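Here's the letter readout for the chains.
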Amino acid sequence: VENRPKYYGREFHGIISREQADEILAGVEGAYILRESQRQPGCYTLALRFGNQTLNYRLFYDGKHFVGEKRFESIHDLVTDGLITLYIETKASEYISKMTTNPIYEHIGYATLLREKVSRRLSRTKNESRKASVTSEENTPVEKITSLVRRAALTQNDNHFNYEKAHNFKVHTFRGPHWCEYCANFMWGLIAQGVRCSDCGLNVHKQCSKYVPNDCQPDLKRIKRVYCCDLTTLVKAHNTQRPMVVDSCIREIEARGLKSEGLYRVSGFTEHIEDVKMAFDRDGDKADISASIYPDINIIAGALKLYFRDLPIPVITYDTYSKFIEAAKISNPDERLEAIHEVLMLLPAAHYETLRYLMIHLKKVTLHEKENFMNAENLGIVFGPTLMRPPEDSTLATLNDMRYQKLIVQILIENEDVLF
């Protein structure tokens, strides 16, 4: 065939019509050819025989071959996966539609438990963890589903902080036969058969992922770093109320730095701050940030600010940002305080607890204002842009909102005992 694209082989039949393709493939189930469109030269179509008819799919190539979401190294693999999917969906469509109606996930017992809303006052009155039953019905292969058992066991731990967290599902290619941990059915296909949570390792069908509750229990083995890690993911992985970076840095600052002049305003050496960051990423809560290693308390303060700046979702989340700004614009002080309190209640539990703990600390900083010269307004200037960022990366929006960012943090510090 003339003008055959270099990434196609003998399956390419040049410019032919649908009717010609149908004649070539007639009577041969699973046979396929590629053709170039008569109406749109340069556009290619996969003609595939299945179910006694010829199916035509628009074909694309960007280094890999694809007709939908999945990408394949070869046309042969694409067709193989397509035939598997067509066969399963044709022969078992009724069964597939019912797969999520009685899932094994619900039988484990902890899924229902974890749906309960966690109290915003988790830090003050620790919720009693109800025991989750990890029993299974006869012939239910629960023992094979290790990540389910692991999460069920975690709910039995009285010290486990039960913050709600959505799974971080990503398309995954499984080697060898795999079963969905939601519905316990086979995951079919040649590649990208389902999705895997990159934080806890839960493996499910893509369609089943829509039904999995927000009960992700991140595995420390999967958390590669501390800085730049989602806040809720980090605290659940370490089973703590707050990120251990926040606890460690604040503990060190309160032990030896509350009277330091210009605390949080004076910058420490960037190289040393990066060293602290690497220590936390490498050693976690065992990182040594004592005075013998970092005598300058501004390095520890800088490392804490850097942690907040590096969060993929700020402590004051993108979802609540505009509501906080609107609350700050209210002129009546009492109404403004009430509005801020209402928005605080919208924060995810781990974000709320982290912000509460930080504000208690910053209030202590202001009590030493005569020595450190840092009042609530000064701390608001420092922490406003650190704790909250506009959802759109707009310099103009950031500049316009800076005074409100400062005001929000200032109000949170001054009214810490009322708001939290």
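Preceding this paragraph is the structure being described.
All values reported here derive from a predicted model rather than from experimental measurement.

Describing the overall build of the chain
Piece 1. A count of helical and extended segments in the chain gives 17 helices and eight strands.
Piece 2. Each of the 420 residues in the chain was classed as buried or not, and the buried ones make up 47%.
Piece 3. Residue pairs at least 24 apart in sequence account for 63% of intrachain contacts in the chain once pairs closer than 6 positions are excluded.
Piece 4. Split by element, the accessible area of the chain, about 21,600 Å² in all, is 49% carbon and sulfur.

Quick word on the layout of surface pockets
Piece 1. The space that makes up the largest pocket amounts to roughly 820 Å³.
Piece 2. In terms of lining, the largest pocket is formed by 28 residues, of which the most central are Lys70, Asp81, Thr85, Ile191 and Ala192.
Piece 3. Contributing elements (two or more residues each) for the lining of the largest pocket: strand 3 (44–50), helix 2 (75–91) and strand 7 (194–197).
Piece 4. Among the elements that line the lining of the largest pocket, the one with the most residues is helix 2, at seven residues.
Piece 5. A breakdown of the residues in the lining of the largest pocket according to their chemical character gives 12 nonpolar, seven polar and nine charged.

Quick look at the sheet that holds strand 2 (residues 32–36)
Piece 1. Taking strand neighbours across the sheet as the criterion, the five strands line up as 1-2-3-4-5 in an open arrangement whose pairing is mixed. The sheet is open, and its two edges are formed by strand 1 (12–15) and strand 5 (65–66), each paired on a single side.
Piece 2. The pairing of strand 2 with strand 3 spans five bridges and is antiparallel. By the bridge assignment, Arg35 is partnered in strand 3 with Thr45.
Piece 3. Where helix 1 (residues 18–25) meets the sheet, its contacts fall on strand 1, strand 2, strand 3 and strand 4 (53–61), and the angle it forms with strand 2 comes to roughly 160°.

Let's talk about helix 9 (residues 270–283)
Piece 1. The first and last C-alpha atoms of helix 9 sit 20 Å apart over 14 residues, in line with the 20 Å expected at 1.5 Å per residue.
Piece 2. In this fold, the buried residues of helix 9 make contact with helix 8 (244–256) and helix 10 (297–310).

Structural notes on helix 13 (residues 349–366)
Along an α-helix, residues three or four positions apart point the same way, because every turn accommodates 3.6 residues.
Piece 1. Helix length check: helix 13 (18 residues) gives 26 Å between terminal C-alpha atoms against 26 Å at 1.5 Å per residue, within 8%.
Piece 2. Counting buried positions over the 18 residues of helix 13 gives 14, a clear majority of the element.

Examining unusual backbone geometry
Piece 1. Non-glycine residue Asn52 carries a positive phi angle of around 60°.
Piece 2. As for its placement among the helices and strands, Asn52 is situated in the loop between strand 3 and strand 4.

Conventions used here
- Residues numbered from 1 in each chain as written.
- Predicted model: local features only at pLDDT ≥ 70, side-chain atom pairs only at ≥ 80, totals over all residues.
- Heavy atoms only, no water.
- Helix = DSSP H or I, 4+ residues; strand = E, 2+ residues; numbered from the N terminus.
- Buried < 20%, exposed > 50% of the residue type's maximum accessible area, 1.4 Å probe, protein only.
- Contact = heavy atoms within 4.5 Å.
- Areas by Shrake-Rupley, 256 points an atom, 1.4 Å probe, with all protein chains shown as cover.
- 1 Å grid on protein atoms, 1.4 Å probe; cavity = no way out; pocket = protein on both sides within 12 Å on 5 of 7 lines; lining within 4 Å.
- Points joined across faces, edges and corners; volume = space filled by probe spheres on them.
- Nonpolar A, V, L, I, M, F, W, Y, C, P; charged D, E, K, R; others polar.
- Pairing = 2+ DSSP bridges.
- Axes fitted to C-alpha atoms, helices over the stretch in contact; angles between N-to-C directions.
- Expected span 1.5 Å × (residues − 1).

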